[in-house]
Amino acid sequence: MPQLLDGLNPEQLAAVTLPHQSALILAGAGSGKTRVLTTRIAWLLQTAQTSPLGILAVTFTNKAAKEMQTRLGAMLPINTRGMWIGTFHGLANRLLRTHHHEAGLPQVFQILDSADQLSAIKRLLKSMNVDTDKFEPKKVQNFINNNKDAGLRAQHVESYDPYMRRLVEFYAAYDEQCNREGVVDFAELLLRSEELLARSDAIRRHYQQRFRYILVDEFQDTNRLQYRWLKHFAGMDSALMAVGDDDQSIYAFRGAHTGNMNEFQRDYAHDNIIKLEQNYRSHGNILDAANALISKNPTRLGKNLWTSADAGEPIRVYLAYNDQEEARFIAEEAQALHREGIALNDIAVLYRSNAQSRVLEHALFSAGVPYKVYGGLRFFERQEVKHALAYLRLLAFPDDDGAFTRVVNFPTRGIGARTLEQLIDAAQQSSSSLWKTAYAKYADAPAGKGLAGFVHLIRAMQEATLGVTLPEAIEHILQASGLMAHYVAEKDGQDRVDNLNELINAATVFINDADAIANAEDNGGLMASFLAHAALEAGTHQAGEGHDALQLMTVHAAKGLEFHAVFLTGLEEGLFPSEQSMSERDGLEEERRLMYVAITRARRRLYISHAQSRMLHGQTRYGIASRFLDEIPVELLKPINKGYAPAVEQYATPAPRTAKQHSSSPWRMGMNVRHAKFGVGVVINVEGQGTDTRVQINFGGAHGVKWLSLEYAKLEAA
DNA sequence: TTGTAACACGTTTTT
DNA sequence: CGTGTTACAA
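Residues numbered from 1 in each chain as written. Chains lettered and ligands numbered in written order. Predicted model: local features only at pLDDT ≥ 70, side-chain atom pairs only at ≥ 80, totals over all residues. Heavy atoms only, no water.

### Here we look at the overall build of chain A
Under the convention used in this document: Only runs of H or I of at least four residues qualify as helices and only runs of E of at least two qualify as strands under DSSP, and these elements are numbered from the N terminus. Under the scheme applied here, a residue whose accessible area is under 20% of the maximum for its type counts as buried, over 50% as exposed, and between as partly exposed, the area being computed with a 1.4 Å probe on protein chains only. Using the Shrake-Rupley algorithm and a 1.4 Å probe, accessible areas are obtained, with residue cover drawn only from the displayed protein chains.
When its secondary structure is counted, chain A shows 28 helices and 21 strands. For chain A, buried positions account for 52% of its 718 residues. Of the roughly 32,500 Å² of accessible surface on chain A, a fraction of 50% belongs to carbon and sulfur atoms.

### Section: empty space enclosed by the protein
Let me state the cut-off plainly: Within this scheme a cavity is a closed region of a 1 Å grid, computed over the protein atoms alone, that accommodates a 1.4 Å probe without allowing it to escape, whereas a pocket is open but has protein on both sides within 12 Å along at least five of seven lines; lining residues each have an atom within 4 Å of a point. Grid points are joined across faces, edges and corners, and a volume is the space filled by probe spheres set on the points. Boundary definitions for the domains trace back to an automatic or database domain assignment.
In the structure shown here, the tally under the stated rule is 3 cavities of 30 Å³ or more. Considered as a void within the structure, the largest cavity measures approximately 140 Å³ in volume. Together, 13 residues line the largest cavity, and D116, K386, L389, R393 and A535 are the ones closest to its centre. Elements supplying a minimum of two residues to the lining of the largest cavity: β4 (110-112), α16 (383-396) and α25 (526-536). Counting contributing residues per domain, the lining of the largest cavity is built from domain 2 (110-181) and domain 4 (381-507), each supplying no fewer than three.

### Things to note about the domain arrangement of chain A
Domain parsing of chain A yields domain 1 (10-100 + 191-278), domain 2 (110-181), domain 3 (315-378 + 542-639), domain 4 (381-507) and domain 5 (671-717). The C-alpha centroid of domain 3 is placed 37 Å from the C-alpha centroid of domain 2.

### A look at the pattern of salt bridges
Quick note on the threshold: Any carboxyl oxygen of Asp or Glu within 4 Å of a side-chain nitrogen of Lys or Arg constitutes a salt bridge here.
In total, this model carries 44 salt bridges according to the counting rule given. Between K33 and D217 there is a salt bridge, with the nearest N and O atoms lying 3.3 Å from each other. Here K33, found in helix α3 (residues 33-46), pairs with D217, found in the loop between β6 (213-216) and α11 (224-233); they are 184 residues apart in sequence, far enough to count as distant. Each member of the pair, K33 together with D217, is buried.

### Considerations on α16
Residues three or four positions apart in an α-helix share a direction because the helix packs 3.6 residues into each turn. Rule in force here: For a helix, the expected span equals 1.5 Å multiplied by the number of residues minus one.
Here α16 spans 20 Å end to end across 14 residues, near enough to the 20 Å set by a 1.5 Å rise per residue. Taken across its 14 residues, α16 has 12 buried, putting it largely inside the fold. Of all the positions in α16, only E384, V385, K386, H387, A388, L389, A390, Y391, L392, R393, L394 and L395 are classed as buried.

### Examining the protein's contact with DNA strand B
Filter applied, for reference: Nearness here has a simple test: a residue counts as near a molecule or strand if at least one of its heavy atoms is within 4 Å of that partner. Polar contacts here mean pairs of N or O atoms no more than 3.5 Å apart (in protein, one a potential hydrogen donor and the other a potential acceptor; neighbouring residues in sequence count only if both atoms are side-chain atoms). Residue type decides the class: Asp, Glu, Lys and Arg count as charged, Ala, Val, Leu, Ile, Met, Phe, Trp, Tyr, Cys and Pro as nonpolar, and the leftover types, Gly among them, as polar.
As a matter of local geometry, DNA strand B sits amid 30 residues, with R352, T412, I415, G416 and E584 nearest to it. Taken together, the sugar and phosphate atoms account for 53% of what DNA strand B places within 4 Å of the protein. Separating a base nitrogen of DNA strand B from a side-chain N or O atom of H617 is a distance of 3.3 Å. In terms of residue class, the surface near DNA strand B is made up of 7 nonpolar, 17 polar and 6 charged.

### With respect to the side chain of Q117
Rules: The contact criterion used throughout is that any non-hydrogen atoms of two residues lie within 4.5 Å.
With respect to the helices, strands and loops of the structure, Q117 is situated in helix α6 (residues 114-127). Here Q117 falls in the buried class, since its relative accessible area comes to 3%. A polar contact is formed between the side chain of Q117 and the side chain of D185, at a distance of 3.3 Å. Apart from the residues within four sequence positions on either side, Q117 is in contact with L112, Q141, N145, Y174 and D185.

### Focus: the protein's contact with DNA strand C
Taken together, the neighbourhood of DNA strand C is formed by R358, M615, H617 and G618. Here the residues of the surface near DNA strand C are counted per class, giving 1 nonpolar, 2 polar and 1 charged.

### A look at the packing of aromatic side chains
Quick reminder of the rule: Ring geometry is summarised as follows: Phe, Tyr and Trp rings, the Trp one being its six-membered ring, pair when their centres sit within 6.5 Å, and such pairs are stacked at plane angles under 30 degrees, edge-to-face over 60 and tilted between the two. In our convention, an over-ring charge means Lys NZ or Arg CZ found within 6 Å of a ring centre and within 35 degrees of that ring's normal.
Scanning the model with the defined rule gives 24 aromatic pairs in all. Where F329 meets Y607, the ring centres are 6.1 Å apart and the plane angle is 70°; that geometry is what we call edge-to-face. With F329 in helix α14 (residues 323-339) and Y607 in strand β14 (residues 602-616), this pair connects stretches of sequence that are 278 residues apart. Each of the two residues, F329 as well as Y607, counts as buried. Centroid distance F379 to F380: 5.1 Å. Interplanar angle 75°. Geometry classified as edge-to-face. You can call F379 buried: its relative accessible area is 13%. One aromatic cluster is present, built from ring pairs that chain together F60, W84, F88, Y207, F211, W229 and F233. Directly above the aromatic system of F109 lies the positively charged group of R97, at a separation of 3.7 Å from the ring centroid. The ring of Y251 carries R254 above its face, with NZ or CZ at 3.6 Å from the centroid.

### Remarks on helix α20 (residues 450-464)
A rise of 1.5 Å per residue sets the reference length of α20, with its 15 residues, at 21 Å; its end C-alpha atoms lie 21 Å apart and thus fit the reference within 8%. Among all positions of α20, only G450, L451, A452, F454, V455, L457, I458, M461 and Q462 are buried. Elements that come into contact with the buried residues of α20 comprise α16, α17 (401-407), α18 (417-429), α19 (434-442) and α21 (470-480).

### Brief notes about the confidence of the model for chain A
How we decide: A residue's pLDDT is simply how confident the predictor is in it, with values from 0 to 100.
Overall, the prediction assigns chain A a mean pLDDT of 87, with 89% of residues at 70 or greater. Residue range residues 643-664 is modelled with pLDDT below 50. Its contacts to residues more than four positions away, or to other chains, number 34 contacts.

### What about the nonpolar core?
The criterion, for reference: Buried Ala, Val, Leu, Ile, Met, Phe, Trp, Tyr and Cys residues form a nonpolar core when they are joined through side-chain atoms within 4.5 Å.
I214, W229, F233 and F264 are the most contacted members of the largest nonpolar core, which has 60 residues in total. At 7 residues, the largest contribution of residues to this core is made by helix α8 (residues 162-181). Taken domain by domain, the makeup of this core includes at least three residues from each of domain 1 (10-100 + 191-278) and domain 2 (110-181). Apart from the residues lying within four places of it in its own chain, the contact partners of W229 are V58, F88, L91, A92, L190, S193, E194 and L197. Among the nonpolar cores identified, the runner-up in size contains 47 residues, and I415, Y487, I504 and A528 belong to it.

### Description of a negative patch on the surface
Note the cut-off: Two distance rules govern patches: like charges are joined within 9 Å, and nonpolar side chains (Val, Leu, Ile, Met, Phe, Trp, Tyr) within 5 Å, applied only to residues with over 30% relative accessible area and no salt bridge. Counted charges follow a simple rule, with Lys and Arg positive, Asp and Glu negative, and His plus the chain ends left uncounted. By convention, the charge on Lys lies at NZ, on Arg at CZ, on Asp at CG and on Glu at CD.
Together, E490, D492, D495, D498 and E502 line one region of the surface with negative charge. By the secondary structure assignment, D498 is in helix α23 (residues 494-511). A relative accessible area of 38% means that D498 is categorised as partly exposed.

### Structural notes on the sheet that holds strand β1 (residues 23-27)
Formally: DSSP-based pairing: two strands are paired if at least 2 bridges between them are found. Angular values range over 0 to 180 degrees, each being the angle between N-to-C directions of two axes fitted as lines to C-alpha atoms, with helices fitted over their stretch in contact.
Ordered by their spatial adjacency, 6 strands build an open sheet running β3-β2-β6-β7-β1-β8, and the pairing between neighbours is parallel. Two strands lie at the open edges of the sheet, namely β3 (84-87) and β8 (273-276), each paired on one side alone. Ignoring which end each strand starts from, the neighbouring axes of this sheet average 15° apart. Here helix α12 (residues 259-269) sits on the sheet and contacts β1, β7 (239-244) and β8; the angle it forms with β1, its principal contact strand, is near 145°.

### Looking at the environment of Q12
Tracing the chain through its elements places Q12 in helix α2 (residues 10-16). Separated by 283 residues in the primary sequence, Q12 and S295 place their C-alpha atoms 24 Å from one another. Beyond its immediate chain neighbours, meaning those up to four positions away, Q12 contacts G7, S31, G32, V36, L276 and Y280.

### With respect to the layout of surface pockets
Taken as a whole, the second largest pocket holds about 1,100 Å³ of empty space. Taken together, 39 residues make up the lining of the second largest pocket; nearest its centre are R123, L124, T405, I424 and L434. Looking at the lining of the second largest pocket, the elements with two or more residues in it are α6, α8, α16, α17, α18 and α19. For the lining of the second largest pocket, the element with the most residues is α6, which contributes 8 residues.

### Structural notes on unusual backbone geometry
In this model, F410 is joined to P411 through a cis peptide bond whose omega is -5°. Examined against the element boundaries, P411 turns out to sit in the loop between α17 and α18. Positive phi outside glycine occurs at N129, with the angle close to 55°. Checked against the element boundaries, N129 lands in the loop between α6 and α7 (137-149). If you check the backbone angles, E218 has positive phi at about 50° while not being a glycine. The residue E218 is located in the loop between β6 and α11 in this model.

Below you can see the structure in the form of structure tokens.
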């Protein structure tokens, strides 16, 4: 036991060995949060304060859950089976499978991922003859999900106008459709299980008595529904530990409710707050920069990171002429670091938006620097994999209309829109599924072309896959459906073929996993289990682990990670902080937290770069340095491009041909001008008209960026 | 039914 | 500028 607690600082120790009571742990970036969480569980078990059954540990991502399991396994020679460690959605799924009857679900309910949900909504709107120009499916999807995340069913949503009333109607109809088809979307997993716990005293009491210790990771990211969900598990005898960092809350845009932290304080922790403020990751200057920046946020729970490490290097600031030059600089600098012996894997290039990655990729490719971009499609989200899974779903649960429509004409077999429309109408008439309707009509017909052929194909596949293993079934489906042949024939289909083969592989791995087999018993079979796994855990973004490559990702994606060196790019007003965040409530604060997250990813070296101009949406935009740069104490920064104030001439660019919006002014963006006092600069913004015109000019060097009113300032073209 | 051409649009994202 | 989606002709 002493070993377990070795090396913990006093605050960490206090959190780990907290007696049977609730507490809020404010855990700053790099303060050993995950370690505390896992050591706490290990300590509870080792000191026999509870059995594995008494523990409920909730995370947001599969990665975090897995990491906890792994670390726990390394600390204690126990099997983690029976312990409820998982994601909100994973655990909600488990709950609903166990109590599917009470929850009003078929045992083998399917899980819709976002894309599935969207196509379900499109299908619904079509069947309701809705004009999708007026009601965009995406908007409808957001409306439904936002309400579910807030814990509201259609009948609870207040509508103020006809438009919203219509949305509520869609919400109700969508839920009806899901119930009819036995499918459940992500938000529904949580809402459905929350309602179940609220409704059934017996089930709730059972879990309340069972879970004596409840631990929640990344609590600042929880939404209202998730907090409500958690509360149901907390009985009289439960101790809750919520670990989070309000300064790292960057998911308000998807429903995260930081207020949960205050509510948790009130509801459970009372004044039991432990702050983990010692940072084990970064050098002093980096931490000072982060602290200074985040201190500009008005509403914080309050926390200041410190480190026993020395100040380290200054933060390098690079001002680039444009985005391409910025990218070139990063490519060169990364190579230099690599030559010094830093692994490319340990260097990250971060950006605010995905669109910025293209220029970077181009420069890295030209410079021959291996890189890896995070984000984009995940394995189980790729169309070929989804097609294959849809066949699988259809075989096991033929009434799944979503799966049916997905593959009925893929690969193409001559079943057009017209045929399908007739089928949908007929199904609606008899209020039955598409499969049942088609089957009733063509089961006895000869296996011809079109729908009849499809019905017979599915029947044949059902028979052929009876009693074979899951990978064998998938292999057969790929062949019999013609999917494999389709992609083999496609000219750029090799990746897709590889993915389909990988799917067989994934199924093999899955059925060899002991836990999965055990779970399958109560989850309605191995196939249902595998499909749930595919939906809940979309897999990695890209293959090709193991190669040393520069890491490219958005700041969001970098949360929770750390690197020896970090390049933080595009620090320009309108980009970071983003333009649209400015119009959102508390938008700037969230952007600042995002910046805070970005800075604290770096262990030893941090580069911050910005560009004077940048290609955005096909046109050149002139940006000024982000205000976040000004919020970092200047003594922590070290300009690194030749004195930081290169000759303005070097940046001279021809004025944009068309600057219509500013046509009333003789001054154009990008234009070189001379000011009596400040010298030569570049116009980077023009605002107002006539005598009210103000121009923003970058003079570089000591004078920097200034707004000048044309009424007073004497300017001349340079 | 399928392929091409015009067209719209353009933060952040996990489950 | 580049991509993804829709509209229309073959």
